[in-house]
Amino acid sequence: SGLGGLTSLAEDTSADIVLFGHTHEPLEHYDGGVYYFNPGTIGGVYTGKSTYGIITLRDNGVLLSHGKID
């Protein structure tokens with residue numbers, strides 16, 4: 001529930017990006033130098049919408065985005 005456990009894990013492992021799922025809800029969040037990203041669900045389970053995630057790594061930063069499948 002919430003990002004608390006993921007935040008602790010990111011700190012313990014010095015992660016820059018945390019990828020997770022299970023909630024099936026798309027999420028892009030940046031906090032304390034860490035990017036949190038949930039791509040959602042490709043099958044539309046629970047949410048009724050099919051989404052996917054794209055992570056673009058660049059020299060000047062990270063771009064997180066979602067796409068939808070109709």
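Scroll up to find the structure.
Calculation rules
Residues numbered from 1 in each chain as written. Predicted model: local features only at pLDDT ≥ 70, side-chain atom pairs only at ≥ 80, totals over all residues. Heavy atoms only, no water. Helix = DSSP H or I, 4+ residues; strand = E, 2+ residues; numbered from the N terminus. Buried < 20%, exposed > 50% of the residue type's maximum accessible area, 1.4 Å probe, protein only. Contact = heavy atoms within 4.5 Å. Patch = residues over 30% accessible without salt bridge, like charges linked within 9 Å, V, L, I, M, F, W, Y side chains within 5 Å. Areas by Shrake-Rupley, 256 points an atom, 1.4 Å probe, with all protein chains shown as cover. Salt bridge = Lys/Arg side-chain N within 4 Å of Asp/Glu carboxyl O. Pairing = 2+ DSSP bridges. Axes fitted to C-alpha atoms, helices over the stretch in contact; angles between N-to-C directions.

Caption draft 1: Region of the structure containing the overall build of the chain. The helix and strand inventory of the chain stands at one helix and five strands. For the chain, the N- to C-terminal ordering of α and β elements is α-β-β-β-β-β. If you line up the chain on its principal axes, its C-alpha atoms span 35 × 30 × 15 Å. Looking at the chain as a whole, 21% of its 70 residues are labelled buried.

Caption draft 2: A look at the environment of T47. Within the fold, T47 resides in the loop between β3 (34-38) and β4 (50-58). In this structure, the C-alpha to C-alpha distance between T47 and F20, residues 27 residues apart in sequence, is 16 Å. Here T47 is in contact with H24, E25 and T41, once residues within four sequence places are set aside.

Caption draft 3: Structural view of a nonpolar patch on the surface. A surface patch of nonpolar side chains, amounting to about 350 Å² of accessible area, comprises I42, Y52, I54 and I69. As for its position among the elements, I42 is in the loop between β3 and β4. Classification of I42 as exposed rests on a relative accessible area of 55%.

Caption draft 4: Representation of the side chain of T41 within the structure. Assignment of secondary structure puts T41 in the loop between β3 and β4. Dropping the residues within four chain positions of it, T41 is found in contact with H24, T47, K49, S50 and T51.

Caption draft 5: Representation of the pairing of β4 in the model. Two strands pair when backbone bridges link them, and β4 and strand β5 (residues 61-69) are joined in this way by nine bridges, in the antiparallel orientation. When the sheet's bridge partners are listed, Y52 is paired in β5 with G67.

Caption draft 6: Structural context of the sheet that holds strand β2 (residues 27-31). Sheet architecture is open: three strands sit in the order β1-β3-β2, paired in mixed fashion. On the outer flanks of this sheet lie β1 (17-19) and β2, each paired with one strand and no other. Averaged over neighbouring strand pairs, the angle between their axes works out to 15° when direction is ignored. Two elements, β1 and β3, share three bridges in a ladder whose sense is parallel. Bridge assignment links V18 to a residue of β3, and that residue is Y36. The strands touched by helix α1 (residues 4-13) within the sheet are β1 and β3, with β3 carrying the most contacts at an inclination of about 130°.

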